[in-house]
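Reading the structure
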Amino acid sequence: MSTIAENIAKVGVRIREAAQASQRDFSSVGLLAVSKTKPAEAIREAHAAGLRDFGENYLQEALDKQALLADLPLTWHFIGPIQSNKTRPIAEHFAWVHSVDRLKVAERLSAQRPAELAPLNICLQVNVSGEASKSGCQPEELAALAQAVTQLPNLRLRGLMTIPAPTDDVAKQRAAFARLRALRDALNLDLDTLSMGMSHDLEAAIAEGASWVRIGTALFGERDYGKV
Ligand SMILES: *Cc1c(COP(=O)(O)O)cnc(C)c1O
């Protein structure tokens, strides 16, 4: 077995055990493989080992890999910061965007989504850790943003995403994820998605209801940003 296939098996065990510990169905937790900085070949290996959903942060890098992997039936998720002048290729080349944090970006994505494609699945990114993290809308801004996004014709608002301030304290991890879940529930919009949990805190996220865990390092190894 390749290292990536071994890592996928290990992450699968972690997800399964975490789901079991909170009486959740294993299949209710999606594994989104975060492939930023990793070569197309690594994605090909992960696909061969059974993964279908891949998350990328950097637009040009993602488009290059999509072109190399066009023969595979992959579902692409954009999870990085979005510049409003770069929305068109995102609207054209992804099935999901997890990192929408302002209305201007949502409006452009909706306007630029090609008519022949299904609506773009959207998560609103929320900053649940206050000043410790810079991206994401503030919790106070969320209700108005969510209401406005539900009105956009070519988007389908699915739920919320967060990247909490990193901590090894499991109680703090859980508190941040519980906060995202409470914000989602308070919107009362019938949203089925919580995109939360990364390599170091996926157990806490699953305990609090994660529907996508976004896993990079635990699948593909440490990232070398020198190679980007
Ligand atoms: C890089 C990244 C991840 C993956 O993080 P790991 O700690 O490597 O699992 C998840 N989500 C987002 C938004 C990222 O940028």
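Below is a summary of the structure that appears in this document.

Conventions and cut-offs
- Residues numbered from 1 in each chain as written.
- Predicted model: local features only at pLDDT ≥ 70, side-chain atom pairs only at ≥ 80, totals over all residues.
- Heavy atoms only, no water.
- Helix = DSSP H or I, 4+ residues; strand = E, 2+ residues; numbered from the N terminus.
- Rg over C-alpha atoms; globule rule 2.2 N^0.38 Å.
- Buried < 20%, exposed > 50% of the residue type's maximum accessible area, 1.4 Å probe, protein only.
- Contact = heavy atoms within 4.5 Å.
- Areas by Shrake-Rupley, 256 points an atom, 1.4 Å probe, with all protein chains shown as cover.
- Near = heavy atom within 4 Å.
- Polar contact = N/O pair within 3.5 Å; in protein donor to acceptor, adjacent residues only side chain to side chain.
- 1 Å grid on protein atoms, 1.4 Å probe; cavity = no way out; pocket = protein on both sides within 12 Å on 5 of 7 lines; lining within 4 Å.
- Sits in = over half its atoms within 2 Å of the grid points.
- Nonpolar A, V, L, I, M, F, W, Y, C, P; charged D, E, K, R; others polar.

Helix and strand counts for the chain stand at nine helices and eight strands. Scaling as 2.2 N^0.38, a compact globule of 228 residues should have a C-alpha radius of gyration of about 17 Å, and the chain matches this with 17 Å. On the principal axes, the C-alpha backbone points of the chain span a range of 50 × 40 × 35 Å. Relative to its 228 residues, the chain shows a buried fraction of 51%. When contacts within the chain are restricted to residue pairs at least 6 apart in sequence, those whose partners lie at least 24 apart make up 57%. Here the chain displays about 10,800 Å² of accessible surface, and carbon together with sulfur accounts for 51% of that area.

Now for the site of the ligand. Lining the immediate environment of the ligand, one finds 13 residues, of which Lys36, Asn57, Ser199, Thr217 and Arg223 sit closest. At a separation of 2.5 Å, an oxygen atom of the ligand approaches a polar side-chain atom of Ser199. At a separation of 2.5 Å, an oxygen atom of the ligand approaches a polar side-chain atom of Thr217. Considered on its own, the ligand offers 390 Å² of accessible surface; in the complex 90% of this is hidden by protein. At a threshold of 2 Å from the grid points, most atoms of the ligand map onto the largest pocket. Residues belonging to the shell around the ligand are distributed by class as follows: six nonpolar, four polar and three charged.

Among all positions of helix 5 (residues 103-112), only Val105, Ala106, Leu109, Ser110 and Gln112 are buried. Packed against the buried residues of helix 5 are helix 4 (87-93), strand 4 (96-100), strand 5 (120-125), helix 6 (139-150) and strand 6 (155-161).

So, to be careful, I would describe these as geometric facts and stop short of saying anything about function.
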